[in-house]
Structures are given as C-alpha cells and as structure tokens.
Amino acid sequence: MADNLYSIDTSALLHAWRRAYRPKNFPNFWRQMDKLILDGRAVMSIEVYNEIQKKDDDVSMWCKERKGKLVVDLDEPCQQEVRRILAAHPRLMDTKKGRNAADPFAIALASTGDKKIVLTQESVGPTKITGVCDHEKIEWLHLADFIEAEKWSF
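Cut-offs applied
Residues numbered from 1 in each chain as written. Predicted model: local features only at pLDDT ≥ 70, side-chain atom pairs only at ≥ 80, totals over all residues. Heavy atoms only, no water. Salt bridge = Lys/Arg side-chain N within 4 Å of Asp/Glu carboxyl O. Helix = DSSP H or I, 4+ residues; strand = E, 2+ residues; numbered from the N terminus. Buried < 20%, exposed > 50% of the residue type's maximum accessible area, 1.4 Å probe, protein only. Axes fitted to C-alpha atoms, helices over the stretch in contact; angles between N-to-C directions. Parallel < 35°, antiparallel > 145°, perpendicular 65-115°, else oblique. Left-handed = near helix turned anticlockwise from the far one by under 90°. Contact = heavy atoms within 4.5 Å. Phe/Tyr/Trp six-rings, centres within 6.5 Å; stacked < 30°, edge-to-face > 60°.

A.B. asks: Report on the pattern of salt bridges, specifying residues and quantitative values.
C.D. replies: Under the definition given, this model contains 8 salt bridges. Across the pair Arg41 and Glu150 runs a salt bridge whose closest N-O atoms are separated by 2.7 Å. Linking Arg41 in the loop between α2 (27-38) and β2 (42-45) with Glu150 in the segment after α8 (143-149), this pair joins segments that are 109 residues apart in sequence. One exposure class covers both Arg41 and Glu150, and it is buried. A salt bridge links Arg84 to Glu81, with the nearest nitrogen and oxygen atoms 2.8 Å apart. A residue pair is termed a helical-turn pair when its members lie 3 or 4 positions apart in one helix, as Arg84 and Glu81 do in helix α5 (residues 76-88) at 3 residues. Judged by relative accessible area, Glu81 falls into the buried class, the value being 13%. Taken together, the shared-partner salt bridges in this structure form one network comprising Asp34, Glu65 and Arg66.

Structure below.
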C-alpha cells in the first residue's frame, strides 16, 4: 500500500539481511527499502538503531549510512508510550539477558504520531512484539507480508 508507514524492528532487518533477502542476491529489495526510507515511510527508533550498532558489521554500516532519514529520536510522547507499554506488558523485555530492549520502542514509535505498522520477524507469542501489538491493536507484519502489502516482486 502506497500510504503505509513502518516502524522497523531489529529482527526484521537482521532476518532480511542475513537470511531471507541478502543484498548480494536481492539488490532490488534493498533499493525498495531505500526508497521507503527516503520517502519517510520506513523508520526505526533510536533504540532499535543502537541495538543494531552493537555489532560493527554490514547491517550496522547500512543503517549508519541512512541514519539521517531512517532514525527517529525519542520524543516525550514516545517515551510515555514506552512506559505505558512496559507497565502493561512487563515480560516484553528480557531484563535478565538484556534482550529485546528495543522492542517497546519499535511498538511505541508505531503507536504515536503518524500511526505505523511494526515490521518484525519475531515469532508470534503473547510476550513478543506480535502479541503485544495484537493486544494493543497495533498492526504488524512479517517480511513476506510486508513485501506483498507493498506489491513488490523480485
């Protein structure tokens, strides 16, 4: 859909880059992603960006090169939404293992301001992005469904 806006989760980007749509084999996927980013239709929270930057690899470099258009800083409404989401869904983040720290930010970004669809590749479950989005009535898509919604073909 030409008017969909997306909040990108770490899992979607890593899955696309490393497993499903490797740049070497699917360059058109990445050109289409660039167009969405340039058009302001695909963004990620600064927390998702920081999570990706923990590894100095091709994915983090790709994000760095697009940071100005791709990354959204936290504003007060988004921070309040993160607090509300975590209060309602405390198991969303794995504080013991330090995992999923960016998940509430991807969801909050989707639910504040211009409503966005969360682009994730996480499994479906009540304590996952997918389950929290379902509970909060926030739309989410896995990569294959996203490609279909955008009417892309390769």
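A.B. asks: Go over the packing of helix α1 (residues 10-20) against helix α4 (residues 58-70), please, and point to the residues and values.
C.D. replies: Where α1 meets α4, the axes come as close as 10 Å, and the angle between the chain directions of the two elements is 120 degrees. One finds that α1 runs oblique with respect to α4. Where α1 crosses over α4, the two elements pack in a sense that is right-handed. Together, Leu13, Leu14, Trp17 and Arg18 of α1 and Asp58, Val59, Trp62 and Cys63 of α4 make up the contact between the two elements.

A.B. asks: Run through the packing of aromatic side chains, naming residues and quoting values.
C.D. replies: Throughout the structure, instances matching the rule amount to 12 aromatic pairs. Note on Tyr6 and Phe146: the rings are 4.8 Å apart at their centroids and 90 degrees apart in plane angle, and the pair reads as edge-to-face. Taken together, the positions of Tyr6 in strand β1 (residues 6-8) and Phe146 in helix α8 put the pair 140 residues apart, joining distant regions of the chain. Here Tyr6 and Phe146 have matching classes, each one buried. Among the aromatic residues, ring-to-ring pairing joins Tyr6, Trp17, Tyr21, Phe26, Phe29, Trp30, Trp62, Phe146, Trp152 and Phe154 into one connected group.

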